[in-house]
Amino acid sequence: MKIYVIVALYYPQYFEKVKKAIFSIFNKTDFHVLFVDNSGKLIPPNEPEDNIQWLRGSNVAGEFSAWDEGYKFLAEKGTLRCDDIIVFMNDTFCHHRFFTFYDRILYRRTIAHCTCNGFYGELNSTGAVFYVNELPLSAWISSYVFISRMENIDKLLPFNSASAISDERIAQIESGLVQRKVDVPFFSDNLNQHLSHWLFPVNGNGWYKAGATSSAILMFKLKAIINEKLLTHKALENDLDVNDIYQDKLSRIYNSLRNKFYTFYKRHKL
């Protein structure tokens, strides 16, 4: 069993911390890293590390197209085996939240206990059941990191599920954004309402770029949100066991506190 880490990169200033964090997590395992550079600014002329490869990403769908392209790149090499563990990350995993030794421990524990039908990440919820394509969900995997065995990945492809949305539905979604609301036809009303409050916050409790962005970027972000929700939907549709990396009581308390402290830290520019 080998660990393959596919990392979607966009922010050049994040790279060194991302690389250091990845090596600190996996340094005692047999692992290989593929960096997918969506910025076009990061690929070095020569890579000194034997277990690192680089790929230029298209950035047509942010991290989701990067993961599609990265996984296809590795699959076409013919070296992946069914029991290999694939870790998908973007470069915010250790930036848009505090990332400590305890997170590293939990990531290692998840890898060590990764089951044949397990699908792992940080679970988030609205506190109520919602529906995606009429399937009830109580939570979703936050897509800054998710983990599963290679044998499960083909069931989840493409990660850029939004690329298959019909023109008619895209027009409906775009019309909703003009009216400052989320109107995804295959999401339940309560999920659309939750996302509307997040993309168009009235009290600052929402997307950190809300209020200072273009309609094109808003649509790009909403497509990423759609891809994120459809990822968990696909996992459940394929009978995968969706698990929280922060699943025990202590870990849930830790995760809640680190997120609250980070929000306080950013809000007060500490």
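This one's a predicted model, so the numbers in the text were calculated from it and none came from an experiment. (Residues numbered from 1 in each chain as written. Predicted model: local features only at pLDDT ≥ 70, side-chain atom pairs only at ≥ 80, totals over all residues. Heavy atoms only, no water.)

## Topic: the overall build of the protein
For the record, the criterion: Secondary structure counts use DSSP, requiring at least four H or I residues in a row for a helix and at least two E residues in a row for a strand, with both numbered from the N terminus. Computation of the radius of gyration draws on C-alpha atoms alone. For the globule rule, the value is 2.2 Å times the number of residues to the power 0.38. Residue burial is assigned from relative accessible area. The probe radius is 1.4 Å, only protein chains are included, and a residue is buried under 20% of its type maximum, exposed over 50%, and partly exposed in between. Contacts: residue pairs with any heavy atoms within 4.5 Å of one another.
When helices and strands are counted, the protein shows eight helices and nine strands. Whereas a compact globule of 270 residues would reach a radius of gyration of roughly 18 Å, the protein reaches 18 Å, a difference of no more than 12%. When burial is assessed residue by residue, the protein has 49% of its 270 residues classed as buried. Put simply, 70% of the contacts in the protein that link residues at least 6 apart link residues at least 24 apart.

## Observations regarding the nonpolar core
What counts, and what does not: Side-chain atoms within 4.5 Å link the members of a nonpolar core, which is a set of buried Ala, Val, Leu, Ile, Met, Phe, Trp, Tyr and Cys residues.
Membership of the largest hydrophobic core comes to 35 residues, with the highest contact counts inside it found for Ile22, Phe26, Phe35, Val87, Met89, Phe93 and Tyr107. Taken together, the elements giving at least two residues each to this core come down to strand S1 (3–9), helix H1 (15–26), strand S2 (31–37), strand S3 (52–56), strand S4 (85–90), helix H3 (101–112) and strand S8 (140–149). Sort the elements by how many residues they give to this core and H1 lands first, with six residues. With residues near it in sequence (within four places) discarded, phenylalanine 26 still touches Ile3, Val5, Phe31, Val87, Met89 and Ile111. Ranked by size, the runner-up nonpolar core spans 27 residues in total, among them Leu55, Ile86, Leu156 and Ala235.

## Concerning the state of the cysteines
Spelled out, the test is: We call a pair of cysteine sulfur atoms a disulfide when they lie within 2.5 Å.
Per the stated rule, a full pass over the model turns up zero disulfides. Unpaired in this structure, cysteine 82 has its nearest cysteine sulfur neighbour in cysteine 116, at a distance of 9.9 Å.

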